[in-house]
Structures are given as C-alpha cells and as structure tokens.
Amino acid sequence: MLSYQQISSEISRLLAQAYPDYGVYANALPQDAQYPCFLIQSIATDIQDASCFLVSITEYITLSCIIADDTLNGMEQLTNMQLGVLNLLRQGYLSVSDRSISVRAGTGGQEKNCAYIELQCFYEDVRTDQMEELPMIQEAIIDLKGGMQPLEYTYQDITYRIIFNGEIYNMNELKKHLIDLGFHFYSQSDSEVLLVSFIAYKEKCLNMLDGIFSFVISYENKIFACRDHLGVKPLFYYLKDDDLVISSEIKAILMYIGKCVVDKTGIKELLGLGPSLSPGSTLYKDIYSLRPAHYLWFDGEHLMIERYWSLQKKAHLKSYEETVQDVRFLVNKSIQRQLLSDVPISCMLSGGLDSSIITAISSQYVNHISTYSIDYLDQDKYFQPYDYQLTKDSDYIDLMVNRYHSHHNNVVLSQKNLIIFLKQSLMARDAPGMADIDSSFLLFCKEIKRNHKVVLSGECADEIFGGYPWFYKKELYSLDSFPWIRDIDQRLELLNENIKKLNIKEYVQSKYYQSLNEIDYLDQSFYDTNKRKMI
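Nothing here was measured: the structure is a model prediction, and the numbers come from that model. (Residues numbered from 1 in each chain as written. Predicted model: local features only at pLDDT ≥ 70, side-chain atom pairs only at ≥ 80, totals over all residues. Heavy atoms only, no water.)

**Q** Looking at this structure, I do not really get the overall build of the protein chain. What am I missing?
**A** For the protein chain, the helix and strand inventory stands at 22 helices and 18 strands. Across the 535 residues that make up the protein chain, the buried fraction comes to 44%. Considering only residue pairs separated by 6 or more positions, the protein chain has 63% of its internal contacts joining residues 24 or more positions apart. Here the protein chain has roughly 29300 Å² of accessible surface; of this, 51% comes from carbon and sulfur atoms. (Helix = DSSP H or I, 4+ residues; strand = E, 2+ residues; numbered from the N terminus. Buried < 20%, exposed > 50% of the residue type's maximum accessible area, 1.4 Å probe, protein only. Contact = heavy atoms within 4.5 Å. Areas by Shrake-Rupley, 256 points an atom, 1.4 Å probe, with all protein chains shown as cover.)

Next comes the structure, spelled out in structure tokens:
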C-alpha cells in the first residue's frame, strides 16, 4: 500500500512529466481519516486559460477511470498522465471518490494567480479477506468509523455482508426491537441495523424501514438487493448468463463489461422520453434500473424481482382543517428524521416555499443552521420570469436568513463555468440530462460539499404538492400524453431520416398508456382520473 504522501508525489511527477510548461503540481491537503484529497494547481498568468486547462486534465483522468481495457490498449494518443493514474487505480492505490473525480476551477489556492482543481481520490486500507465481491465507496454520516463498509455480521455460523447507500431514519426504534429479540450490536451505524433487520426478517424487513436506501446483501452464495419505496437512491444491474453486476452508478457496470451499447430502444428513450426514462430502463442495452419499491434475489442461476410496496387508494374524508394539521405533522416529522447525523447539517435555500419550509423547521432543531443559495452572474440584468420561476429569489432568501439567523452562503456561478461543466455533469449522471440545470446543480453541490456532507433540499416537493403547471392548468392535465413532453414534433424535426424511421412518437405514446395502466384509480370521474395521472 502506497502512503498518502507517495501517492501525492506520484501524481505530481506525472503532471510535471505530461505538462512541463504549466508548472502543474499536486499538494496533499490535510488528511481526513477517510477521504484525503489532492489539490492540483497550475501557476499561470492567464487564470481563465489555466482553469480550462485544469478541467481538461480532469477529463483525461476521468476517461482513464471509466474506459475499457481493450479500448485503452488501442489508443495511440494516451498521455503519460492517463497511463500513470490508470495504473495507480488498477493497482488499488487510488479509488474514484464520490460520483466522479471532482473539479473546481477558479482563482486562489496556496499561490497567488493560481488556478486549481480538487482531485478527490483516496486510498483504502480496509480488510479485503472475502470481501472482493462487494466493493464500496461511501460518504459516512452516522458512526463514521463503525459504519465502514462492506459491513459483516455473523449469525448462527452464517456470515452476512452488506453494502448500503442511504439512511434509515427509524434506526433507533428498529435497534431497540432487535435487541429485545436477542441480537447484539457492535456499532452505532444504521448499516448494521439494516443488516440485522434483514437477518431477522429477510425481505419482510422492508415494510419496517423508514428511510431512503439502496443496498446489496450477500450470504451463502445468494444475493439480495433492494431499492427504497420511492426510488430516491439509485440501483442498476446487469445480468448475463450467471454473471450479475449491481451498482449505484452505471459507469461501474460499463467498466466491468468493457463496452457501451445504446440500441434502438435506448435511442427512443433518449430522444423521445429524455431526460425521463421508462421505469426500470436505462439508455444502455442489458443494463436495467431496479424499480422503486422492488427487490431482487439471485442464487447464481435464477433472478427473481418482486414489488414490496405500492401506494394505496383511499377516499379523503377529512376536513380542510384536519388535512392541514396532518400535513404539518408529516412534513415536520419527515424533516426532523432527516436531521439524524453525526456530521453538520445544512439546507438549500432558494426562497421558495419548499426550501423555506425545510429551513424554518430545521432551524427549530439546529441553531444557526447553514444555508446555501445559488445565483448567476448578471442575474439582475437578464432575469425573465417564466412558468417555473416567476420572481427573483434574493428578496425571499434575505427574509428567511434574517428571520431564522442562518449562516448563509450565496454561491454565484458564471455562464462560462456552466458550459465548462456540462460534460462533467453528463458523466456524473451517466447519461444526457437537463444541460445547464445539471451543470449548475453539480457546481452548487461541489461548493456545499467543501463544508458539509449533508444538505436538505426541496427537491421533488413539486411532485408531492402539485407545484408544476400541469397540476393546475386544465389544458395541460387534459392532454392525452405526458404533459412535460409537449415538444415531440419539434424534437423529431431536428433528427435525420434514419432516426425518424424509429417511430419515436408512437413509442412515447405507448409508454404513456403503459403508465396509465399502472394507476390505481379511486373512481372514473374526470377529476379523479386526470389528477391521478399527474401524480
């Protein structure tokens, strides 16, 4: 195992060898117990050129991390730096941290007039005996040492292993119940509580969980994998013959199988439904997404997938006042549970209803909570209201900060950086998405992560509380198609004749009717039918 300083020196050597004219070097940042980082710097007189240059370095490194071996061997222009970093990765001295190699370009650092990026890599010094089948890189937020993964638990001479992404909000109640059953615990982590819950109840434990999660458990040559009720945490799988690969990121599967194939169905998904996808689908041939509220079993020969939960239809009989009280209770309880963490908590604050409610409730439990907002250069000059944002955010943000005395951070992004990070955001999500919305969110999260591992946001509140126009505009919720895909004809006009022959419009419509068939209607009234379509 190379030491932390040796890895830093090796990266510096590779940088200097590959780019002698830029004065590029790597400094080891103060070593965190779990995630040591390297700060790559370039001394240059033109900061913008240096920033773009460093982003290009990161693209090279990322390419080295995800491209297949046979393709790499055939590349004539592979740089010394790519080969060197790839060699470190293959020998196990480095692993890619977080979702991808992290980039932050700007000015500052240890030298004046310096551009820099953070190469967030780390080396692992964990037990590897009998764990090779369950590799894991995870940000721990509860019991940082005791929750290291893969986590093992032996019960009745059977060893169970788990890798787990997420958080179990009712872990304390579950733990008390399991202790009453006679189980013993060796950490304070929710990973162990989840694993022991599975040992006690197998797949029936899923109905006892309150949280967001995807996890894989192995024991006695069996594999069990599961995704949370609403699909907050991703989980993908690939099955060929008796070879099952499961990952929270598609790029890991692509690296394993050594090829990337997008067939005609993938093209239809991308150009017809994108950035949304059919439930259970990905853009890539033979790679699937485990659907929300589903689990799978694999015994080495047979794969079984089952649904364990679904929304139940019920008539709403409570008064307006009772409904308000119930919603207030549920929202408060949901936010309070997510404040369970052994690391500092923060909140995104846009000034809108959703993030403002979360900030207001969180501040009742966390004094002077840190909040983050995002803004853009020249926003005041060029802002134009539209359906999804009718007013500027700043006035409402100021009201919230002054009322709840949060420690506020305003992140200002330039249009140039939004463009630079389009490719990074695409690689982070493993597929084309929402362009500058993705790159801005990626940059925003990178800034938050400099100080906080955990941030609460109002994401998906519009889906729950009907914030989108198609929830309340009759001309939209009455459409006989997905109301958020209204430009399908304009999309098709941009495509060549070969793509048009794929009948993308018919494919989208068939997926719409397939979705309708999964709705559990309460009655067949116009109001009930159309509102449930939107939900």
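**Q** Explain unusual backbone geometry here, please?
**A** When glycine is set aside, most residues are seen to have a negative phi, and most peptide bonds are trans. Geometrically, the link from Gly274 to Pro275 is a cis peptide bond, its omega value of 10 degrees lying close to zero. For Gln156, which is not glycine, the phi dihedral falls at a positive 50 degrees. Here Gln156 lies in the loop between β6 (151-155) and β7 (158-168). Positive phi values are uncommon outside glycine, yet Asn221 reaches one of about 65 degrees.

**Q** Which parts of the structure should I look at to understand the nonpolar core?
**A** In summary, soluble globular proteins display a tendency toward joint burial of nonpolar side chains. Core analysis: the largest hydrophobic core is formed by 31 residues, its most contacted members being Leu206 and Phe215. Sorting the residues of this core by element identifies β6, β7, α5 (171-180), α6 (190-201), β8 (211-219), β9 (222-227) and β13 (294-298) as the ones contributing at least two each. Of all the elements, α6 adds the most residues to this core, at six residues. In contact with Leu206, not counting residues within four places along its chain, are Phe215, Phe224, Cys226, His229, Tyr295 and Tyr308. (Core = buried A, V, L, I, M, F, W, Y, C linked by side-chain atoms within 4.5 Å.)

**Q** It is not clear to me how the pattern of salt bridges should be interpreted in this structure. Could you clarify?
**A** Between side chains of opposite charge, a pair can form when the charged atoms approach closely. Tallied over the entire structure, the rule returns 16 salt bridges. When the shortest N-O distance is used, the salt bridge between Glu152 and Arg161 registers 3.0 Å. Its salt-bridge partner being Asp489, residue Lys505 comes within 3.0 Å of it at the nearest N-O pair. Taken as a pair, Lys505 in helix α21 (residues 504-516) and Asp489 in helix α19 (residues 488-493) lie far apart in primary sequence, 16 residues in all. Among the residues examined, Asp489 registers a relative accessible area of 41% and is labelled partly exposed. (Salt bridge = Lys/Arg side-chain N within 4 Å of Asp/Glu carboxyl O.)

**Q** What exactly am I supposed to notice about the packing of aromatic side chains here?
**A** The description of an aromatic ring pair rests on the distance of the ring centres and on the angle between the ring planes. If you walk through the whole model with that rule in mind, you get 19 aromatic pairs. Ring centres of Tyr468 and Phe471 lie 6.5 Å apart, and the angle between their planes is 20 degrees; this geometry places the pair in the stacked category. With respect to burial, Tyr468 and Phe471 carry one shared label: buried. An aromatic cluster of three or more residues is present, and its members are Tyr160, Phe198, Phe213, Phe215, Tyr219, Phe224, Tyr295, Trp297 and Tyr308. A cation sits over an aromatic face here: Lys202 above Phe198, 5.5 Å from the ring centre. (Phe/Tyr/Trp six-rings, centres within 6.5 Å; stacked < 30°, edge-to-face > 60°. Lys NZ or Arg CZ within 6 Å of the ring centre and 35° of its normal.)

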